[in-house]
Amino acid sequence: MAKVVITGGSRGIGAQAVREFCRRGDQVAFLYRENEEKARLLAQETGAQALRCDVADPEAVKNTFAQLGDVDVLVCNAGTAHQGLVTRIGEEKWHELFE
């Protein structure tokens, strides 16, 4: 049994990865940034541990992994996107996308 951490695990591909690793019998924790309800439901469904953590915040990542201890598998799935023209992105969103 592996100890698995999945970033961006509350929905989409990340949530499916949580389901698959749990189905294998692994010990799974997943990180999410905003959607507490989806994270709570997925944790109930799978038995995985849901942890709120913005992976763009180095201090939050450090604190979260200090709680988790050693990890065997890390799935780096967190990401961000912007719908629209690049020429219309404000400076704050521009920095968020590239951080």
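Keep in mind that this is a model prediction, so the values were computed, not measured.

A closer look at the sheet that holds strand β1 (residues 3–6)
For step 1, the next point in the chain: Taken in spatial order, the 4 strands make up an open sheet running β3-β2-β1-β4, and their pairing is parallel. The open sheet terminates on both sides in strands that have one partner only, identified here as β3 (49–52) and β4 (73–75). Adjacent strand axes in the sheet meet at a mean angle of 20° when their direction is disregarded.
For step 2, the next point in the chain: Pairing of β1 with strand β2 (residues 27–32) involves 4 bridges; the strand directions are parallel. Opposite V4, over in β2, you have V28 as the bridge partner.

Describing helix α2 (residues 36–46)
For step 1, the next point in the chain: Along α2, the residues classified as buried are A39, L42 and A43. Along the axis of α2, the buried positions cluster into a sector of 100°, meaning they face one direction only. Among the exposed residues of α2, those oriented more than 90 degrees off its buried face are Q44 and E45.
For step 2, the next point in the chain: In this structure, the buried side of α2 is in contact with α1 (12–24), β2 and β3.
For step 3, the next point in the chain: Of the residues one or two after α2, G47 is the one with positive phi, at around 85°.

Details of the layout of surface pockets
The rolling of a water-molecule-sized probe over the atoms marks out the regions of remaining empty space.
For step 1, the next point in the chain: In this structure, the largest pocket spans a volume of roughly 660 Å³.
For step 2, the next point in the chain: Among the elements of the structure, α1, β2 and α4 (91–98) are those that each provide at least two residues to the lining of the largest pocket.
For step 3, the next point in the chain: Each residue belonging to the lining of the largest pocket can be placed in one class, and the counts come to 9 nonpolar, 9 polar and 6 charged.

Looking at the nonpolar core
For step 1, the next point in the chain: In terms of nonpolar packing, the biggest core is built from 15 residues, with V4, I6, V18, V28, F30 and A48 touching the most fellow members.
For step 2, the next point in the chain: Among the secondary structure elements, those contributing two or more residues to this core are β1, α1, β2 and α2.
For step 3, the next point in the chain: When residues of this core are assigned to their parent elements, the largest contribution, 5 residues, is made by α1.
For step 4, the next point in the chain: Excluding its chain neighbours within four sequence positions, the residues that come into contact with I6 are G14, A17, V18, F21, V28, A29, F30, L31, V75 and N77.
For step 5, the next point in the chain: Counting residues in hydrophobic clusters, the runner-up holds 7 residues, among them A29, C53, A60 and L68.

Some points on the pairing of β1
For step 1, the next point in the chain: Burial along β1 is two-sided: the residues K3 and V5 and V4 and I6 are all buried.
For step 2, the next point in the chain: Where β1 meets β4, 3 bridges bridge the pair, whose relative direction is parallel. Looking at β4, one finds that V4 is bridged to V73.

Cut-offs applied
- Residues numbered from 1 in each chain as written.
- Predicted model: local features only at pLDDT ≥ 70, side-chain atom pairs only at ≥ 80, totals over all residues.
- Heavy atoms only, no water.
- Pairing = 2+ DSSP bridges.
- Helix = DSSP H or I, 4+ residues; strand = E, 2+ residues; numbered from the N terminus.
- Axes fitted to C-alpha atoms, helices over the stretch in contact; angles between N-to-C directions.
- Buried < 20%, exposed > 50% of the residue type's maximum accessible area, 1.4 Å probe, protein only.
- Arc of directions from axis to C-beta.
- Contact = heavy atoms within 4.5 Å.
- 1 Å grid on protein atoms, 1.4 Å probe; cavity = no way out; pocket = protein on both sides within 12 Å on 5 of 7 lines; lining within 4 Å.
- Points joined across faces, edges and corners; volume = space filled by probe spheres on them.
- Nonpolar A, V, L, I, M, F, W, Y, C, P; charged D, E, K, R; others polar.
- Core = buried A, V, L, I, M, F, W, Y, C linked by side-chain atoms within 4.5 Å.

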